[in-house]
Amino acid sequence: MTKLLDFFERRKYEVLLAALLQHLFIGIFISDHENYRDIIWPINMFLLGLACTGIFMGKNKWKGWIKNFLFILVVLLPIGISFTKDIKVYFDILNIIYVCFFCFIFYEVVKFLVRPSYIDTDVISAAACGYFLLIEISVFLLQFLIYNDPHSFHGMDMRDNASIYMDLVYFSSISITSIGFGDIVPTAHNTKLVASILGILGHFYTVVLVGIIISKFTSRK
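This is a predicted model, so every value here is computed, not measured.

With that out of the way, let us pick up the environment of Ser117. Among the structural elements, Ser117 can be located in the loop between helix H5 (88–114) and helix H6 (121–148). With 95 residues separating them along the chain, Ser117 and Ile212 place their C-alpha atoms 9.2 Å apart.

In structure tokens, the structure reads:
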């Protein structure tokens, strides 16, 4: 058990990166959306929540309390989805809590990136985690908006929760990377503005990240 915890602490950013990837893109391998929502989603949310706890190893107590509280919420909320399919308020709360949770994790990752004056696998993995955390934040923010206004996007697959989530992962990814294929388009003013902010944040994160990495190489020399 001690060896497992030591490995988890040493490789926490690699573990978080793997958890983020499986959470965002596991839909590639799943065609049954009902099983995805009722079984796969709670499992991969638990794995992601567990991976996020590694970021707080060795932190002060109040961050540990916040981490534990958010972890419990993040793990329990997906379980209720199959029982609250038509309750809009439940999904609003779920999306807001996820946005707060991933913003909290993103803040801790960026703090780590700024601190050390060296480049290693942790720094590279944390940099990648920051990118995928931005996608997570944007997915749940846009999901909150689309549940409140189903007509705020054109080209979305609105058949079920899983389809909406997967389409938003796709849209958020191409918006943050500024690819923009144009097959999914925001039509309401609020979703247009949020999509604009996402594109700006993606570019800003990339520019700042390049600056941080260059400065670390310079400091190392």
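Further notes follow.
On to the nonpolar core, then. Residues Leu16, Tyr98 and Phe102 are the most contacted members of the largest nonpolar core, which totals 63 residues. Among the secondary structure elements, those contributing two or more residues to this core are helix H2 (12–25), helix H3 (33–53), H5, H6, helix H7 (161–176) and helix H8 (189–220). With 15 residues, H6 is the single largest residue contributor to this core.

Applying the stated criterion across every chain, the model contains zero disulfides. Here Cys100 is not cross-linked by a disulfide; its sulfur's nearest cysteine counterpart is in Cys103, at 6.7 Å. A residue is classified by how much of its surface remains accessible, and Cys100, at 45% relative accessible area, is partly exposed.

Taken N-terminus to C-terminus, the directions of H2 and H7 make an angle of 120°; their axes are 9 Å apart at the nearest point. Taken together, the axis directions place H2 and H7 in an arrangement best described as oblique. Seen from H2, the contacting residues are His23, Leu24 and Phe25; seen from H7, they are Tyr165, Val169 and Ser173. In terms of residue class, the contact of H2 with H7 is built from four nonpolar, two polar and no charged.

Our focus in this paragraph is the pattern of salt bridges. Under the defined criterion, the tally for this structure stands at three salt bridges. Note that Arg11 is salt-bridged to Glu14, the shortest N-O span being 3.3 Å. Residue class for Arg11 comes out partly exposed when judged on its relative accessible area of 35%. What makes Glu14 partly exposed here is its relative accessible area of 22%. A salt bridge links Asp157 to Arg159; its shortest N-O distance comes to 2.7 Å.

Glancing now at unusual backbone geometry. Unusually for a residue other than glycine, Ser178 sits at a positive phi of about 60°. Relative to the helices and strands, Ser178 resides in the loop between H7 and strand E2 (185–186). On the basis of relative accessible area, Ser178 is assigned to the partly exposed category, the value being 39%.

Attention now goes to the packing of aromatic side chains. Throughout the structure, instances matching the rule amount to 17 aromatic pairs. Aromatic side chains Tyr13 and Phe112 sit 4.5 Å apart centroid to centroid with 20° between the ring planes, which places their arrangement in the stacked category. Within this pair, whereas Tyr13 is found in helix H2, its partner Phe112 is found in helix H5, the two being separated by 99 residues in sequence. Looking at Tyr13, the relative accessible area reads 4%, which means it is buried. Overall, Phe112 belongs to the buried group, its relative accessible area being 8%. With centroids separated by 5.3 Å and ring planes inclined at 70°, the aromatic side chains of Phe101 and Phe102 adopt a geometry described as edge-to-face. Per residue, the accessibility class of Phe101 equals that of Phe102, and both read buried. An aromatic cluster is present here, built from Tyr36, Trp41, Tyr98, Phe101, Phe102, Phe140 and Tyr165 joined pairwise through their rings.

The rules behind each value
- Residues numbered from 1 in each chain as written.
- Predicted model: local features only at pLDDT ≥ 70, side-chain atom pairs only at ≥ 80, totals over all residues.
- Heavy atoms only, no water.
- Helix = DSSP H or I, 4+ residues; strand = E, 2+ residues; numbered from the N terminus.
- Core = buried A, V, L, I, M, F, W, Y, C linked by side-chain atoms within 4.5 Å.
- Buried < 20%, exposed > 50% of the residue type's maximum accessible area, 1.4 Å probe, protein only.
- Disulfide = S-S within 2.5 Å.
- Axes fitted to C-alpha atoms, helices over the stretch in contact; angles between N-to-C directions.
- Parallel < 35°, antiparallel > 145°, perpendicular 65-115°, else oblique.
- Contact = heavy atoms within 4.5 Å.
- Nonpolar A, V, L, I, M, F, W, Y, C, P; charged D, E, K, R; others polar.
- Salt bridge = Lys/Arg side-chain N within 4 Å of Asp/Glu carboxyl O.
- Phe/Tyr/Trp six-rings, centres within 6.5 Å; stacked < 30°, edge-to-face > 60°.

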